[in-house]
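# Architecture and fold: a report
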Amino acid sequence: MFNRTTGLNILLDEILVPSTLWDRAPRHVSIALTNLCDLHCAHCFAPKSSDALDFNQVKDWLGELDINGCLAVGFGGGEPTLYPRLVELCRFATQHTRLAVTLTTHALNLDNQLLADLSGNVHFVRVSMDGVGATYEALRGYPFSMFLDCLDTVRYIAPFGINFIVNNHTLQYIDAAVKLAADVGAAEFLLLPEQPVRGFGGIDEITTEGLRQWVSIYKGPVPLTVSEAGADGLPTCNPHPSETGLLALHTLMRQAA
Ligand code: SF4
């Protein structure tokens, strides 16, 4: 059972369903709508070209995913607010499918019109923030005070979380970031250990170990999640023990009391 508005999942497992009867679609699918972005973050691997997906093609995919049992779709990029028909797409997904719609964004383009148009057509927003204050400004090249103003408006669309890229530069700021997440009412803090792309970047072993230790003593109020690619060695919960691999975008971590 899945409620796309609250995100509540309930697995009823008294009766074991043969794997041949399992839904064929992944539980969650992420779609990079466009490669465009108006920022130049130091750790970014997006190609920053003007390539974008065809609107009707994405609509068809959403229909197929819905019919085949997918629970949620996440729109990202690049920066998805630069996709010209984002609102139309979110509206289609919420009105014509049963999919939950999530949006991953830097949040800096959310003006009043976009906020109003997306409200009710997105179920969860993930906002990228890899540090606070001067650290954010150095990484994202944007005034932190203006980011905070934007962050303050995201709640008018839907519940929101913070995405945090973890690497040897950002780990030292994770306490400040998670405290801010709690202060602004974030519902989730998503750890994204940096992955090497085309031979560049990637979290190193020392930082990975530091992250494991940080997670092991975390007692904050904001639930932690982690990307599957970076979950190795972290105390993740697997609600589907019969599956090989998590087959999901995010793994809910054990939250300290
Ligand atoms: S906001 Fe995201 S897509 Fe844009 S430059 Fe930064 S990391 Fe890349």
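Residues numbered from 1 in each chain as written. Predicted model: local features only at pLDDT ≥ 70, side-chain atom pairs only at ≥ 80, totals over all residues. Heavy atoms only, no water.

### Here's the deal with the overall build of the protein chain
Of regular secondary structure, the protein chain possesses seven helices and eight strands. For 257 residues, the compact-globule estimate of 2.2 N^0.38 gives 18 Å, and the protein chain sits close to it at 18 Å. Taking the principal axes of its C-alpha atoms as reference, the protein chain extends roughly 50 × 40 × 35 Å. Counting across all 257 residues of the protein chain, residues that qualify as buried make up 46%. The contacts in the protein chain between residues at least 6 apart in sequence include a share of 71% that link residues at least 24 apart. As presented, the protein chain carries roughly 13400 Å² of accessible surface, and 56% of it is formed by carbon and sulfur atoms. (Helix = DSSP H or I, 4+ residues; strand = E, 2+ residues; numbered from the N terminus. Rg over C-alpha atoms; globule rule 2.2 N^0.38 Å. Buried < 20%, exposed > 50% of the residue type's maximum accessible area, 1.4 Å probe, protein only. Contact = heavy atoms within 4.5 Å. Areas by Shrake-Rupley, 256 points an atom, 1.4 Å probe, with all protein chains shown as cover.)

### Overview of the environment of V125
One can find V125 in strand β4 (residues 124-128). With 51 residues separating them in the primary sequence, V125 and G74 have C-alpha atoms 9.1 Å apart. Apart from the residues within four sequence positions on either side, V125 is in contact with L103, T105, V154, I157, A158, P159, F160 and G161.

### Brief notes about the site of the ligand
Near the ligand, the surroundings consist of C37, L39, H40, C41, C44, K48, G78, H106 and R140. Counted by class, the shell around the ligand contains four nonpolar, three polar and two charged residues. (Near = heavy atom within 4 Å. Nonpolar A, V, L, I, M, F, W, Y, C, P; charged D, E, K, R; others polar.)

### What to know about a nonpolar patch on the surface
Where nonpolar side chains cluster on the molecular surface, the patch consists of M1, L8, I10 and L12 and spans about 430 Å² of accessible area. Summarising the element assignment, M1 is placed in the segment before β1 (28-32). (Patch = residues over 30% accessible without salt bridge, like charges linked within 9 Å, V, L, I, M, F, W, Y side chains within 5 Å. Salt bridge = Lys/Arg side-chain N within 4 Å of Asp/Glu carboxyl O.)

### Some thoughts on the packing of helix α1 (residues 55-67) against helix α2 (residues 86-96)
Where α1 contacts α2, the two axes come as close as 11 Å, and the packing angle between them is 25 degrees. Taken together, the axes of α1 and α2 lie roughly parallel to each other. Judged by the sense of rotation from one axis to the other, the crossing of α1 with α2 is right-handed. Listed contacts from α2 to F55, V58, K59, L62 and D66 of α1 are E88, L89, F92, A93 and H96. Here the contact of α1 with α2 is composed, by residue class, of six nonpolar, one polar and three charged. (Axes fitted to C-alpha atoms, helices over the stretch in contact; angles between N-to-C directions. Parallel < 35°, antiparallel > 145°, perpendicular 65-115°, else oblique. Left-handed = near helix turned anticlockwise from the far one by under 90°.)

### As for the pattern of salt bridges
Tallied over the full model, the rule gives seven salt bridges. Across the pair D66 and R98 runs a salt bridge whose closest N-O atoms are separated by 3.0 Å. In this pair, D66 is assigned in helix α1 and R98 in the loop between α2 and β3 (100-105), connecting sequence segments 32 residues apart. Owing to a relative accessible area of 10%, D66 belongs among the buried residues under this scheme. Its salt-bridge partner being R155, residue D152 comes within 3.4 Å of it at the nearest N-O pair.

### Some details on the pairing of strand β2 (residues 72-76)
Across the five residues of β2, five count as buried, placing the element largely inside the fold. Here β2 shows a buried face lined by A72, G74 and G76 and a second buried face lined by V73 and F75. Judged from the five bridges that link them, β1 and β2 form a sheet pairing that is parallel. Its bridge partner lying in β2, H28 is registered against A72. (Pairing = 2+ DSSP bridges.)

### Quick notes on the packing of aromatic side chains
Applying the stated criterion across every chain, the model contains five aromatic pairs. Site record: aromatic cluster; members linked through ring pairs are Y136, F144 and F147. For R85, the ring lying beneath its charged end belongs to F55, and the centroid distance is 3.7 Å. (Phe/Tyr/Trp six-rings, centres within 6.5 Å; stacked < 30°, edge-to-face > 60°. Lys NZ or Arg CZ within 6 Å of the ring centre and 35° of its normal.)

### Brief notes about the confidence of the model for the protein chain
Should the pLDDT be low somewhere, the predicted coordinates at that spot are not to be read in detail. Averaged over all residues, the pLDDT of the protein chain is 89; the fraction at 70 or higher stands at 93%. Confidence over residues 249-257 falls short of pLDDT 50; this stretch has 37 contacts with residues more than four positions distant or in other chains. (pLDDT = per-residue confidence, 0-100.)

### A short note on helix α4 (residues 133-140)
Those residues of α4 lying buried are T135, Y136, L139 and R140. Taken around the axis of α4, the buried residues stretch over an arc of 105 degrees, which confines them to a single face. Exposed side of α4, more than 90 degrees from the buried face: A134 and A138 are the residues found there. In this fold, the buried residues of α4 make contact with β4 and α5 (144-154). Of the residues flanking the end of α4, it is G141, one or two places downstream, whose phi is positive at about 65 degrees. (Arc of directions from axis to C-beta.)

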